[in-house]
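Analysis of the macromolecular model
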Amino acid sequence: MDGEILKRMSPPPVRHPAPAFDVFNIYFEQIYDPTMHVVFVFDGEVDGDVMREATKRLIASDPYLRSRYAEVDGRPVWEEIPEELWEGAFVLAPAGEAENLLPPPLDVRSGPQVRVNLYRREEGDLVAVTCHHGFCDASGAITLAKDLFSVYRGIMEDPDFRPVPRDPYDRSTDQVLALYSGEERERALAEEEPFVDRWRFPVERDGRGTPRIACRTLPPERLGLAKAFGKENGATVNDVLIGAFFLALLGIRNDPSDRGAPRSILTSADLRKKHPGCHGEGLPMNLSVAYEVTLSAGEGAQLRDIIDQVTAITARRKAGSLGLAAILFYEEILAGGMPAVRAFYDGMLGRYQASGLKNPVFSNLGIFDPGDYLPVPGKDGGELGLLDIQYLPCVCWPYGFLMLASTFRDRLTLMTAYEEGPYSTAVVERFLEYVDEYLP
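Now for a quick tour of the structure. (Residues numbered from 1 in each chain as written. Predicted model: local features only at pLDDT ≥ 70, side-chain atom pairs only at ≥ 80, totals over all residues. Heavy atoms only, no water.)

Some points on the overall build of the chain
Secondary structure assignment for the chain yields 13 helices and 16 strands. Compactness check: the chain gives a C-alpha radius of gyration of 22 Å against a globular reference of 22 Å for 440 residues, within 12% of the reference. Oriented by its inertia axes, the alpha-carbon framework of the chain measures out at about 70 × 55 × 45 Å. The 440 residues of the chain split such that 54% are buried. Within the chain, counting contacts between residues at least 6 apart in sequence, those at least 24 apart form 78% of the total. As presented, the chain carries roughly 19400 Å² of accessible surface, and 51% of it is formed by carbon and sulfur atoms. Distance from the positive charge centre (46 side chains) to the negative charge centre (67 side chains) of the chain: 2 Å. (Helix = DSSP H or I, 4+ residues; strand = E, 2+ residues; numbered from the N terminus. Rg over C-alpha atoms; globule rule 2.2 N^0.38 Å. Buried < 20%, exposed > 50% of the residue type's maximum accessible area, 1.4 Å probe, protein only. Contact = heavy atoms within 4.5 Å. Areas by Shrake-Rupley, 256 points an atom, 1.4 Å probe, with all protein chains shown as cover. Lys, Arg positive; Asp, Glu negative; His and termini not counted. Charge placed at Lys NZ, Arg CZ, Asp CG, Glu CD.)

Description of the packing of aromatic side chains
The tally for this structure, following the rule as stated, stands at 25 aromatic pairs. Plain terms: the ring middles of Phe149 and Tyr373 are 6.3 Å apart, the flat faces sit at 85° to each other, and that makes the pair edge-to-face. Separated by 224 residues along the polypeptide, Phe149 in helix α4 (residues 138-157) and Tyr373 in the loop between β12 (361-368) and β13 (386-392) bring together distant segments of the chain. Residues Phe149 and Tyr373 agree in their burial class; the two are buried. Measuring from ring centre to ring centre gives 3.8 Å for Phe201 and Phe401, while their planes differ by 10°; the resulting arrangement is stacked. Of this pair, Phe201 sits in the loop between α6 (182-191) and β9 (210-218) while Phe401 sits in the loop between β14 (395-396) and β15 (402-408); the two residues are 200 residues apart in sequence, bridging distant segments of the chain. Neither residue differs from the other here; Phe201 and Phe401 are each classed as buried. (Phe/Tyr/Trp six-rings, centres within 6.5 Å; stacked < 30°, edge-to-face > 60°.)

Some thoughts on helix α3 (residues 48-61)
Three- or four-residue spacings in an α-helix give side chains the same orientation, since the helix completes a turn every 3.6 residues. Look at α3: 20 Å from first C-alpha to last across 14 residues, which is about the 20 Å you get at 1.5 Å a residue. Here α3 has its buried residues at Gly48, Val50, Met51, Ala54, Thr55, Arg57, Leu58, Ile59 and Ser61. Structurally, the start of α3 carries an N-cap: the backbone nitrogen of Asp49 is 3.1 Å from a side-chain oxygen of Asp47. (Expected span 1.5 Å × (residues − 1). Polar contact = N/O pair within 3.5 Å; in protein donor to acceptor, adjacent residues only side chain to side chain.)

Focus on the sheet that holds strand β1 (residues 15-17)
Pairing is antiparallel across the open sheet formed by three strands, whose spatial order is β1-β5-β4. Across the chains shown, the open sheet's two edge strands, defined by having one partner strand only, are β1 and β4 (67-72). Each strand of the sheet is rotated relative to its neighbour by a mean of 35°, with strand direction disregarded. Summarising the sheet, β1 and strand β5 (residues 75-80) pair through three bridges and their orientation is antiparallel. Paired with Pro17 across the strands is Val77, a residue of β5. (Pairing = 2+ DSSP bridges. Axes fitted to C-alpha atoms, helices over the stretch in contact; angles between N-to-C directions.)

Overview of the pairing of β15
Of all seven residues in β15, seven are buried, a share of seventy percent or more. Alternating positions in β15 separate into two faces, Leu402, Leu404, Ser406 and Phe408 on one and Met403, Ala405 and Thr407 on the other, with burial throughout. Sheet topology note: the β12/β15 ladder contains six bridges and is parallel. The residue of β15 that forms the bridge with Phe368 is Phe408. Note that β15 and strand β16 (residues 411-420) share five bridges and pair antiparallel. Within β16, the position partnered with Ala405 by the bridge is Leu414. Joining the antiparallel neighbours β15 and β16 is a turn of two residues, in which Arg409 adopts a positive phi near 50°.

A word on the nonpolar core
Phe40, Tyr391 and Phe431 are the most contacted members of the largest nonpolar core, which totals 130 residues. Setting aside residues no more than four positions away along its own chain, Tyr391 makes contact with Met36, His37, Val38, Asp137, Ala138, Ala141, Ile142, Leu365, Phe368, Leu404 and Met415. Membership of the second largest hydrophobic core comes to nine residues, among which are Ala93, Leu101, Leu126 and Leu392. (Core = buried A, V, L, I, M, F, W, Y, C linked by side-chain atoms within 4.5 Å.)

Section: the packing of helix α11 (residues 324-335) against helix α12 (residues 338-355)
Their axes nearest at 6 Å, the elements α11 and α12 cross at an angle of 125°. The angle between α11 and α12 falls in the class oblique. For the pair α11 and α12, contact is made by Phe329, Ile333 and Leu334 and by Met338, Ala340, Val341 and Phe344, respectively. By residue class, the composition of the contact of α11 with α12 is seven nonpolar, no polar and no charged. (Parallel < 35°, antiparallel > 145°, perpendicular 65-115°, else oblique. Nonpolar A, V, L, I, M, F, W, Y, C, P; charged D, E, K, R; others polar.)

Description of the pattern of salt bridges
According to the stated counting rule, one finds 30 salt bridges in the structure shown. When the shortest N-O distance is used, the salt bridge between Asp22 and Arg171 registers 3.0 Å. Remark: Arg171 occurs in the loop between α4 and α5 (174-177) and Asp22 occurs in helix α2 (residues 20-27); sequence separation between them is 149 residues. Between Asp258 and Arg253 there is a salt bridge; the shortest N-O distance is 2.6 Å. (Salt bridge = Lys/Arg side-chain N within 4 Å of Asp/Glu carboxyl O.)

Quick look at the side chain of Ser61
Its location among the elements puts Ser61 in helix α3. Look past the residues within four positions of Ser61 in its chain and what remains in contact with it is Arg66, Pro163, Val164, Pro165 and Arg166.

Spatial relationships are all this shows, so hold off on functional conclusions.
Next up, the structure:
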């Protein structure tokens, strides 16, 4: 009885509005696992006690990191949770778990919104910084990792170090919307073509399976060849990767109906790059949008045959109001309340199941700069070498399929996360081989 009285007398938890981009990325859990991981490979031993404390102090410094996602009175919110519920934000993995690295999902509805997994290995430790796409995009996850190592380094230098606490910050896209007039908004909506699902990655069956990672890392000279090819053809490395991804999909499907027909992929763009100086710089937020690239290629087409199509589309998108229509679209749905959000996803999932089609997705995360994280002191006080940074993407099941590209020290890595069973590991590996073969 006394406990019930205390519960009724205690103040309600602190809550902050959850904006549309957060809400929609949470509800994408119906078609993939929105958990993401940034993995750091070191040549020595990280101080586990300090990393545990750094994780705790980082969470304490950010009102959203120390929150869970909730829906209260029909409103989506980030609800702060007490410190005793932060258990599990730091995990020292049992010996041997690094062999098949894929950390478990993060529960956005329990919080906190980051988990740090430390894997011990004889040749050097792995640190995986895990977050949920409902909390932030890939750029936000990388920001979180930078913040974590900054706090770790600060504590190694001064055991009393604490990061500067953040006040609640604007996580919405309002500042992006403010850059456009009412007329520009109306025009963006009128000109935006709806996504049309025209194909899918080959599947063995529907349903769920066992999470797997497949990746291929190319030597530095391959990136140089891609840059040279791009320069010859007025294309960026990202354009080159989009072209190779598209041709590999044609190859892995081996479907005559694809030849010469319009086929689409989705790719992503970071609004921070589109609007430099706008809010979101250095903050773990969702500020990325997807757009469609529709191409066609005949039998035996090579990268040179389609690269002009790719560059024309990406150049037009960059020059236009990229992301504006998506922001307005999501905001309009959310304005109808959470029942409207759930109805939107029920309809989307129903279309995928009825048609069996879902355009594959490609995302290029760009270059990971080791200088953003170093120096990292080791347990013995000496500086650790950073051998690699990998980004483990969201795990997909039918009909979703996602491939990421990232670059570290001129080594380009292609990676996908999928569920084996619904997808064949042999087919996925062969697909990455095709992408490799189509690249210069």
